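Geometric and topological summary
Below, each chain spelled out in residue letters.
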Amino acid sequence: AFVITWYQTYRNKYTPIVVKSVENDKLIGLLTLAVLSANNRKESIMGAGQFESYYHVWLTEASDGESFIKAAIQKVQQQFPLANIHLRYITLQTPLQWIKEPYWKSRIVVQSYSRPLMDMSHPDFSKMSHKTEFRNKLNRLKRLGELTFEHITSKEQFSDILKELMIQYDFRQGAMFNCNQFKEEPLKANFLLALFEKDLLHVSVLKVDKQFFASIVAIAERNWVHLGGINVHTPFHARFYSPGFVHFILLGQQLAKEGFTIFDLTPGGDSYKERMATRHDEVLEVVISSNLTFRVKRLLRKHFYKSLTKVGKWPLGVELSLRKRFYIFKGRLRKARKEGILSTVLERAKNLVQRPTDTVYISTTAFQVDNAELPINKNSLSDLLQFEAEGTWMTRWEFLEDAMHRFGVGQVAYTLSEAGRLLACVWQRNDTSATQGETLVHNFCPTGAALLQGFYCHPEGQNKLESFLAAVASAVAKDQQGSQVYAVTTSKEKHICQTLEAIGFQKTDHLATSL
């Protein structure tokens, strides 16, 4: 049902490749693959489901041995001689002796991964809910309000909550991996809804006073549940409350009550999965290719991963870090070319000689603004996802990562968005929500005072910046019961400085210091 649903949902994007073996009108072997419809016969072929499916295997009669899979792959290679065939992840219970045969050994690269499992029969499973860490996090959430764990069983419920889950998921994925799966692949939502209709999903949410704090959309089959689909928690105060961690433990308890025996946390090496695994097994990634250059690259990658693991490094984390650095470098280079290489170099040299200073402003007037004329949003993840790297040297990846960190320590975002574009953003914090490396105002700023910092303005929003900041200052002052509002920005952000002064902020003689 999973494969058929995926084929149907993505029929205009992927071309199914199905190899079957029939004997006396009886199906005795089946391999389901797919390739992009725009394929030029040089692209990668993957198991049906692509990255929506963690496990790419085949069906065959037990008496068949391994003859079907070998014949099936050769048939695919005949039709797609230049394509690489990628199967991930294959369990060790699958017949795989054939990959050691000389013919296949010279054409295959095999990489092993550890798979973390939450085994409900393991002695450590019952201990998880009694650990001090879990009890502390659970009690913190309960002190916020009414804490509820819900198993979503109706399509109407799932459809109603899916949009919010998609936004939270894209925000977290964008901040951590620079991915926006639902934005870039709208069919993913349709696919999840179709799977839910076929009773292939297990959906649960954790709420506090009816607000979503965490959710997991997993694949359920027989007595196993596989992590996939959506795994997300609210970014707000995440470091203190850890709603995702609490939800995982509560979900494990719920799955045990429903009769499931294994919660497959899936390979990847993520630290949060390791915290909750009670045991591990091994799965294999198999890549079949006639391209020597491609195989050499895969072998180098395999040995690179192995070397990192030996010295205690997380291979995927190192790869992600390198990818992020390259992405940021390309972003900086594009910006420099747009601004002019020479002027960029001169500006950077000037900043090294005379470093920009952080300047503190304080409100000197009561803000009277009709927010209805300029609707500003508070803590809108949708607005933040509309960020474009214009008017700043910060890339989208850095912006979302910074936003997630700020939310995690309790800061508040005020945003202005229009026509699918983030026009302006500013962050409110106090001295208790400063993060490492951030500016902290000392001595003259009362404890808990509202402080505006982290200003961003898109070039298209310059004409609305004054009204936006006035509206934000008015809202913040109202929340603070009329207390003065502080703002910190750097001397090089001249337009921000001028706008703050224009709406009633006064520059002080104090300089902000850094943590």
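Residues numbered from 1 in each chain as written. Predicted model: local features only at pLDDT ≥ 70, side-chain atom pairs only at ≥ 80, totals over all residues. Heavy atoms only, no water.

1. Quick look at the overall build of the protein chain
What the protein chain contains, in helices and strands, is 18 helices and 21 strands. Expressed along its principal axes, the backbone C-alpha trace of the protein chain runs to roughly 90 × 55 × 45 Å. Each of the 515 residues in the protein chain was classed as buried or not, and the buried ones make up 49%. For the protein chain, the accessible surface area stands at approximately 26,300 Å², while carbon and sulfur atoms represent 51% of it. Positive and negative charge centroids in the protein chain, built from 64 and 51 side chains respectively, lie 7 Å apart. (Helix = DSSP H or I, 4+ residues; strand = E, 2+ residues; numbered from the N terminus. Buried < 20%, exposed > 50% of the residue type's maximum accessible area, 1.4 Å probe, protein only. Areas by Shrake-Rupley, 256 points an atom, 1.4 Å probe, with all protein chains shown as cover. Lys, Arg positive; Asp, Glu negative; His and termini not counted. Charge placed at Lys NZ, Arg CZ, Asp CG, Glu CD.)

2. Some words on helix H6 (residues 155–177)
In H6, a bend of some 40 degrees at Leu-162 exceeds every other bend along the element. Buried within H6 are the following residues: Phe-158, Ile-161, Leu-162, Leu-165, Gln-168, Tyr-169, Asp-170, Phe-171, Gln-173, Gly-174 and Ala-175. A positive phi of about 60 degrees marks Asn-178, the residue just after H6. (Bend = angle between axes of the 7 residues up to and from the residue.)

3. Observations regarding the environment of Ser-242
Inspection of the secondary structure puts Ser-242 in the loop between helix H9 (238–241) and helix H10 (243–257). Sequence separation between Ser-242 and Gly-408 is 166 residues; the distance between their C-alpha atoms is 9.6 Å. A distance of 3.3 Å separates polar atoms of two side chains, one belonging to Ser-242 and the other to Lys-137. (Polar contact = N/O pair within 3.5 Å; in protein donor to acceptor, adjacent residues only side chain to side chain.)

4. Quick notes on the pairing of strand S16 (residues 421–429)
Where burial is concerned, most of S16 is hidden: eight out of the nine residues are buried. In this structure, strand S15 (residues 412–418) lies alongside S16, joined through seven bridges in antiparallel fashion. If you follow Thr-415 over to S16, its bridge partner there is Cys-425. What sits between the antiparallel neighbours S15 and S16 is a turn of two residues, in which Ala-419 has the positive phi angle 55 degrees. Note: S16 against strand S18 (residues 451–457), five bridges, orientation antiparallel. Bridging across to S18, Ala-424 finds its partner in Cys-457. (Pairing = 2+ DSSP bridges.)

5. So, the packing of helix H5 (residues 132–144) against H10
At a minimum axis separation of 10 Å, H5 and H10 run at an interaxial angle of 110 degrees. The orientation of H5 relative to H10 falls into the category roughly perpendicular. Considering the relative orientation of H5 and H10, their crossing is left-handed. When H5 is examined against H10, the residues Glu-133, Phe-134, Lys-137, Leu-138 and Leu-141 are found in contact with a partner set consisting of Pro-243, Phe-245, Val-246, Ile-249 and Leu-250. Of the residues assigned to the contact of H5 with H10, the class counts are eight nonpolar, no polar and two charged. (Axes fitted to C-alpha atoms, helices over the stretch in contact; angles between N-to-C directions. Parallel < 35°, antiparallel > 145°, perpendicular 65-115°, else oblique. Left-handed = near helix turned anticlockwise from the far one by under 90°. Contact = heavy atoms within 4.5 Å. Nonpolar A, V, L, I, M, F, W, Y, C, P; charged D, E, K, R; others polar.)

6. Points about the pattern of salt bridges
Counted under the stated rule, the structure contains 22 salt bridges. As a salt-bridge pair, Lys-13 and Glu-185 come within 2.5 Å of each other at their nearest N and O atoms. With a gap of 172 residues between them, Lys-13 in the loop between helix H1 (2–9) and strand S1 (14–23) and Glu-185 in the loop between helix H7 (181–184) and helix H8 (187–197) connect regions that are remote in the sequence. Here Glu-61 makes a salt bridge to Lys-26, at a shortest N to O gap of 3.3 Å. Linking Glu-61 in the loop between strand S4 (58–60) and helix H2 (67–79) with Lys-26 in strand S2 (residues 26–36), this pair joins segments that are 35 residues apart in sequence. Classification of Glu-61 as partly exposed rests on a relative accessible area of 28%. A relative accessible area of 47% means that Lys-26 is categorised as partly exposed. Connected through salt bridges with shared partners, the residues Arg-115, Asp-264 and Asp-281 form a single ionic network. (Salt bridge = Lys/Arg side-chain N within 4 Å of Asp/Glu carboxyl O.)

7. Considering unusual backbone geometry
Located in the positive-phi region is Gln-50, a residue other than glycine, with phi close to 50 degrees. Of note, Gln-50 is situated in the loop between strand S3 (44–47) and S4. One non-glycine residue, Asp-209, adopts positive backbone phi at about 50 degrees. Tracing the backbone through its elements, the reader meets Asp-209 in the loop between strand S8 (201–208) and strand S9 (211–221). When its relative accessible area of 43% is taken as the criterion, Asp-209 is described as partly exposed.

8. A short note on the state of the cysteines
Considering all chains together, one arrives at zero disulfides under this definition. This cysteine, Cys-425, is not joined by any disulfide, and Cys-457 carries the nearest cysteine sulfur, 11 Å off. Among the cysteines around Cys-497, which has no disulfide bond, Cys-457 carries the closest sulfur, lying 13 Å off. For Cys-497, a relative accessible area of 10% puts it in the buried group. (Disulfide = S-S within 2.5 Å.)

9. Regarding the packing of helix H13 (residues 315–339) against helix H16 (residues 396–408)
For the pair H13 and H16, interaxial distance at closest approach is 9 Å and the crossing angle is 120 degrees. By the angle class used here, H13 and H16 are oblique. Only Arg-396, Trp-397, Glu-398 and Glu-401 of H16 make contact with H13, whose side of the interface consists of Leu-320, Arg-323, Lys-324, Tyr-327, Ile-328 and Arg-332. Residue composition of the contact of H13 with H16, by class: four nonpolar, no polar and six charged.

10. A word on the pairing of strand S12 (residues 279–288)
Pairing of strand S5 (residues 84–91) with S12 involves five bridges; the strand directions are antiparallel. Bridge pairing in S12 links Thr-91 to Val-283. By the bridge criterion, ten bridges tie strand S6 (residues 108–119) to S12 in an arrangement that is antiparallel. Each bridged residue has a counterpart across the sheet, and for Arg-115 the counterpart in S12 is Asp-281.

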